[in-house]
Amino acid sequence: MGTESTAIEITSPLLEATKEPTAIEAVDPIPEWRDQITIRGLLVSVILGTLFSVITHKLNLTVGIIPSLNVAAGLLGFFFMKSWTGIVSGLGFGGNEFTRQENTVIQTCVVACYGLAYSGGFGSYLIAMDERTYKLIGASYPGNRAEDVKNPGLWWMIGFLFVVSFLGLFSLVPLRKVMVMDYKLTYPSGTATAMLINSFHTKAGAELAGKQVKCLGKYLSLSLFWSCFKWFFSGIGDSCGFDNFPSLGLTLFRNTFYFDFSPTYVGCGLICPHIVNCSVLFGAILSWGFLWPFITKHAGDWYPADLGSNDFKGLYGYKVFIAIALILGDGLYNLIKIIAVTIKEIWNSSSKQNLPVMQEFPGSEESKILDEQKKRDEIFLKDRIPSWFAASGFVALAAVSTATIPLLFPPMKWYLVLCAYLVAPALAFCNSYGTGLTDWSLASTYGKIGLFMFASIVGSNGGVIAGLAASGVMMAIVSTAADLMQDFKTGYLTLSSAKSMFISQIIGTVMGCFIAPLTFWLYWTAFDIGDPDGPYKAPYAVIFREMAILGVQGFSELPKHCLAICFGFFVAAIAVNLLRDVTPKKISRFIPIPMAMAVPFYIGAYFAIDMFVGTVILFVWERINRKEADDYAAAVASGLICGDGIWAIPSAILSLSKVTPPICMYFGPSLSK
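The following paragraphs examine the structure supplied in this document. Remember, it's a predicted structure, so these values are computed and weren't measured experimentally.

Some points on the state of the cysteines
Alright, step 1. Taken as a whole and judged by the stated rule, the model has one disulfide.
Alright, step 2. Covalent S-S linkage joins Cys240 and Cys664, the inter-sulfur distance amounting to 1.8 Å. Taking the torsion about the sulfur-sulfur bond, which here is approximately -75°, the covalent link between Cys240 and Cys664 counts as left-handed. Of this pair, Cys240 sits in the loop between helix H10 (203–231) and helix H11 (250–254) while Cys664 sits in the segment after helix H26 (626–656), and the two are 424 residues apart along the sequence.
Alright, step 3. In this structure Cys664 comes out as partly exposed when scored by relative accessible area, which is 43%.

Digging into unusual backbone geometry
Alright, step 1. We note that Thr256 has phi near 65°; this positive angle belongs to a residue other than glycine.
Alright, step 2. Tracing the sequence through the fold places Thr256 in the loop between H11 and helix H12 (263–271).

Description of the packing of aromatic side chains
The description of two aromatic rings rests on the distance between their centres and on the angle between their planes.
Alright, step 1. Counted under the stated rule, the structure contains 43 aromatic pairs.
Alright, step 2. Aromatic side chains Phe229 and Phe233 sit 5.1 Å apart centroid to centroid with 55° between the ring planes, which places their arrangement in the tilted category.
Alright, step 3. Taking 6.2 Å as the distance between ring centres and 65° as the angle between the ring planes, the aromatic pair formed by Tyr265 and Phe607 counts as edge-to-face. Linking Tyr265 in helix H12 with Phe607 in helix H25 (residues 606–624), this pair joins segments that are 342 residues apart in sequence. For the pair formed by Tyr265 and Phe607, the shared burial category is buried.
Alright, step 4. Site record: aromatic cluster; members linked through ring pairs are Phe225, Trp226, Phe229, Phe233, Phe242, Phe245, Phe259, Phe261 and Phe667.
Alright, step 5. Just above the ring of Trp524 sits the side chain of Arg132; from NZ or CZ to the centre is 4.2 Å.
Alright, step 6. Cation over ring: Lys150 sits above Trp156, and NZ or CZ is 5.0 Å from the ring centre.

Thoughts on the nonpolar core
Within soluble globular proteins, side chains that are nonpolar generally end up buried alongside one another.
Alright, step 1. The biggest cluster of nonpolar side chains holds 184 residues, and the ones touching the most others in it are Phe52, Phe409 and Phe488.
Alright, step 2. Considering every element that reaches this core, the biggest residue donor is helix H19 (residues 463–493), with 17 residues.
Alright, step 3. Those residues in contact with Phe52 that sit more than four places away from it in its chain are Leu69, Ala72, Ala73, Leu76, Val110, Tyr114 and Cys642.
Alright, step 4. Leu335, Leu442, Ala443 and Tyr446 belong to the second-largest nonpolar core, a separate cluster that totals six residues.

Some details on the side chain of Lys230
Alright, step 1. By the element assignment, Lys230 lies in helix H10.
Alright, step 2. Since its relative accessible area comes to 10%, Lys230 is described here as buried.
Alright, step 3. With near-sequence residues (within four places) excluded, Lys230 lies in contact with Phe242, Asp243, Asp260, Phe261, Ser262 and Pro263.

Details of H19
Alright, step 1. The terminal C-alpha atoms of H19 lie 45 Å apart, and with 31 residues this matches the ideal 45 Å at 1.5 Å per residue to within 8%.
Alright, step 2. Two residues or fewer after H19 comes Leu495, characterised by a positive phi angle close to 60°.

So, the packing of helix H13 (residues 274–296) against helix H24 (residues 594–603)
Alright, step 1. With their axes 7 Å apart at the nearest point, H13 and H24 run at an angle of 40° to one another. Considered as vectors, H13 and H24 are oriented oblique to each other. Both H13 and H24 take part in a crossing whose hand is right-handed. Here Val276, Ser279, Val280, Phe282, Gly283, Ala284, Leu286, Ser287, Trp288, Leu291 and Trp292 of H13 come into contact with H24, specifically with Ala596, Met597, Pro600, Phe601, Tyr602 and Ile603.
Alright, step 2. For the contact of H13 with H24, the class distribution of residues is 14 nonpolar, three polar and no charged.

Here we look at the pattern of salt bridges
Alright, step 1. Summed over the entire model, instances satisfying the criterion amount to 11 salt bridges.
Alright, step 2. Between Asp644 and Lys58 there is a salt bridge whose closest N-O contact spans 2.9 Å. Within this pair, whereas Asp644 is found in helix H26, its partner Lys58 is found in helix H2 (residues 39–62), the two being separated by 586 residues in sequence.
Alright, step 3. Given a relative accessible area of 3%, Asp644 falls into the buried group.
Alright, step 4. Across the pair Lys230 and Asp243 runs a salt bridge, and its minimum N-O distance is 3.0 Å. Placement of the pair is Lys230 in helix H10 and Asp243 in the loop between H10 and H11, with a sequence separation of 13 residues.

Examining a nonpolar patch on the surface
Alright, step 1. On the surface, Trp414, Tyr415, Leu418, Leu422 and Val423 cluster together into a nonpolar patch covering about 530 Å² of accessible area.
Alright, step 2. On the basis of relative accessible area, Trp414 is assigned to the exposed category, the value being 52%.

A few points about helix H4 (residues 100–119)
Alright, step 1. Between its first and last C-alpha, H4 extends 28 Å over 20 residues, near the 28 Å set by a 1.5 Å rise per residue.
Alright, step 2. Burial runs high along H4: 20 of the 20 residues are buried.
Alright, step 3. Looking at the residues trailing H4, positive phi occurs at Gly121, about 80°.

Some thoughts on the side chain of Asp330
Alright, step 1. Along the chain, Asp330 turns up in helix H14 (residues 315–351).
Alright, step 2. No salt bridge is formed by the buried Asp330, whose closest oppositely charged neighbour, Arg580, lies at an N-O distance of 6.9 Å.
Alright, step 3. With residues near it in sequence (within four places) discarded, Asp330 still touches Ala573, Asn577, Ile593, Pro594 and Met595.

Some words on the packing of helix H6 (residues 154–164) against helix H20 (residues 498–526)
Alright, step 1. With their axes 9 Å apart at the nearest point, H6 and H20 run at an angle of 150° to one another. Compared by their axis directions, H6 and H20 come out roughly antiparallel. The handedness of the crossing between H6 and H20 comes out as right-handed. Here H6 contributes Leu154, Met157, Ile158, Leu161 and Phe162 to the contact with H20, which in turn contributes Val510, Gly512, Cys513, Phe514, Pro517, Leu518, Phe520 and Trp521.
Alright, step 2. For the contact of H6 with H20, the class distribution of residues is 12 nonpolar, one polar and no charged.

Cut-off values and rules
Residues numbered from 1 in each chain as written. Predicted model: local features only at pLDDT ≥ 70, side-chain atom pairs only at ≥ 80, totals over all residues. Heavy atoms only, no water. Disulfide = S-S within 2.5 Å. Helix = DSSP H or I, 4+ residues; strand = E, 2+ residues; numbered from the N terminus. Buried < 20%, exposed > 50% of the residue type's maximum accessible area, 1.4 Å probe, protein only. Phe/Tyr/Trp six-rings, centres within 6.5 Å; stacked < 30°, edge-to-face > 60°. Lys NZ or Arg CZ within 6 Å of the ring centre and 35° of its normal. Core = buried A, V, L, I, M, F, W, Y, C linked by side-chain atoms within 4.5 Å. Contact = heavy atoms within 4.5 Å. Expected span 1.5 Å × (residues − 1). Axes fitted to C-alpha atoms, helices over the stretch in contact; angles between N-to-C directions. Parallel < 35°, antiparallel > 145°, perpendicular 65-115°, else oblique. Left-handed = near helix turned anticlockwise from the far one by under 90°. Nonpolar A, V, L, I, M, F, W, Y, C, P; charged D, E, K, R; others polar. Salt bridge = Lys/Arg side-chain N within 4 Å of Asp/Glu carboxyl O. Patch = residues over 30% accessible without salt bridge, like charges linked within 9 Å, V, L, I, M, F, W, Y side chains within 5 Å. Areas by Shrake-Rupley, 256 points an atom, 1.4 Å probe, with all protein chains shown as cover. Lys, Arg positive; Asp, Glu negative; His and termini not counted.

Shown next, in the form of C-alpha cells:
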C-alpha cells in the first residue's frame, strides 16, 4: 500500500519518475476477471492478511512506525501459491496455472486487509477514546472529561469499520481511467509492486524469487527462535530481559539509549530509507540527549518537581506537545506542497491542451512499447465498472454511515457526518492524485485536520469524541481511495482486469473489517495496552486525544514555556522541509525528516538505536555487494519482522493463560563496598 507507513507518515522527497515496465515477456493468455479471483488465492490472502495485521498492530502499539510490507506480501503470496500448485500436481491432481493476475489479486487483498489495521485507528483515534488514555492524561486535566470515553469493544469496532471503510473505494472508481491511463500518474509503489510480480512470472525472476523466499524463511525462523528465547528471561514486570539490556551503559540506559535486541526494529531499519533511520536517531539524540535533560534542570521553576512521570503538567507534557508540534508542522507543509504540485500539474495540462503524462520512451522499440500499452489499455477497459454503480454505492454507504455513526458516537451528529461525506470525494481525489505523483499518502494529515475542525465545532460538550470519530471517517476514506488507485496501477501493469482489482479490494476490505479488530483484541486482552512504562505504549492514543482536547480547549493549560517551545519546533519543522526542497539533492538527502524525528521525542531512544543498527548493516552490505543487498535486503528485513510478529501470537496466548516467564534477567549498578 502507498503507506503513510503509518501510525506516523514516514515520507521521502518527491520521487523521481519511475519508468513503467516496457515489455512483459512471453505473456500467457489473459484469464477472464472471474478466473483471476480464486478460492485458493483468497485462502492465502486470509493467512497473510492475519499475519501482517498482527505485525502492523505490534508496530502501531509500540513505536508507530510501519514500513511497507508489500514486498513480503508479494514474496509470501508467490511462495504459498507455488507450494500449493506443486503439492497438488505431486498428488496427481490437475490444477490451474498460477498467473501474474492471481498473484496481483492476492497482493491487493492482503494489502487492503492489513491496511485497516493501520487506518482503523487501533493505535490512534479509536483507543484515544478509551478509559486508560483518559486516566493517563488525568481526570483533573481541563477538557479531559469522563463523558468523552468509549472503551474498545469487538463488535462495535467491526461495525464501525464496515460503515466507514468502503466509501473511499466507491468515491473515485469513475476516475480510474483518468488517473491511470490519461494522466499516467506514476504511483511509484504500485509500479514497483507490478514490476516485482511481473518478474516472478519469468524464468529468471522465479529463480530469484525462490532464493528470496528461502532467505525470508531462514531469517523468519531465526527471529522466531530469538523472540522465544528472549521471553524466558523477561520475567514479570517491565524491567527484565533483553528488552532492558543496558548495552551502552547505565547512564545512557536511564535516558533510554540502549540496544534492546528487537528483530522487528532492526528489520524496520533495513527496509526504511537511510534518511528515515538517521532522522529518528537524530530526533532521539536531540530530545533525550539534550532537550529533556535541559528541561528537567528547571523542575520546580517551569513545573512542580514532585509530579509523576506521566503527569501532563510536568515533563511528560513537554514530550507529548513538542512531538505534536513537529508532526503538525511536517504534515501541514506536505499537505500544502502536495496541493500546490497538484494544481500546478493540472494547470500545465490545461495550458498545453494535454494531460500531465509521464514521458513515453522513444527509440527503436517505440512501436513495440506502443503495442504493449495498447494491449494494457484494452485489458484495463475491457471489464467496465459502471459509473452509476459506483455513485449508487457511495450514496447508499454514505446514507447507512450517516445513520449509524451517531449511534456509535452520539456527539457526532448526523449532519456533521453528512458534511464530512460531502467534502470526502474532493479530499480523496487530492490525496490519490498526490500519491500518484509523489508516493505520499497524507491520510493521517487529513484525519488530523478533521479532528481539529469537528472538535472545535462541537465544543466542550462531546467535542473530543466527535473530533476523534471524524478523524477516523476522513482517514478511512482518503486512505482507501489512494490504495485503490495504487492497485489499479498495479493491475494495469500486470494485465489484470480493473474489475478483479476492484472486487479483490472489496474482499480484502471485508477481511480486514474482521481480521483487524480480532487481531487487535488479542493484544488488548493479553497485554496492558497504553501503559507508558510498558512495551505497548500506544503512543498515538495520547497524542490524538490531546489534539482533540486542544481543538476544544486551546493552549491555556500547557506547562511553562511549553507553547513557545512548541511554536519553535512547529516553525522549525516547516523550515527544515522547505530547506529539503530548495537545496540540491546531494545536500537535501542529508537533511533530517521532521516527522521521523518526532517519533522518539515521546517514546524513547531505544528503538532508534535498533533501527540505526539495521541501516548500518544495510549500508555496509550495499558497499560490499550492492546487487546482493538490492535482491535480498527486503527479504531479510521481512523475515526478521514476520518472525517476531508471529511470536506475538503464542506470547499473547501464554499471557492470557497466566503463564509467566521463569527468569527475570535484570541489570543494575554494582553495590559499593
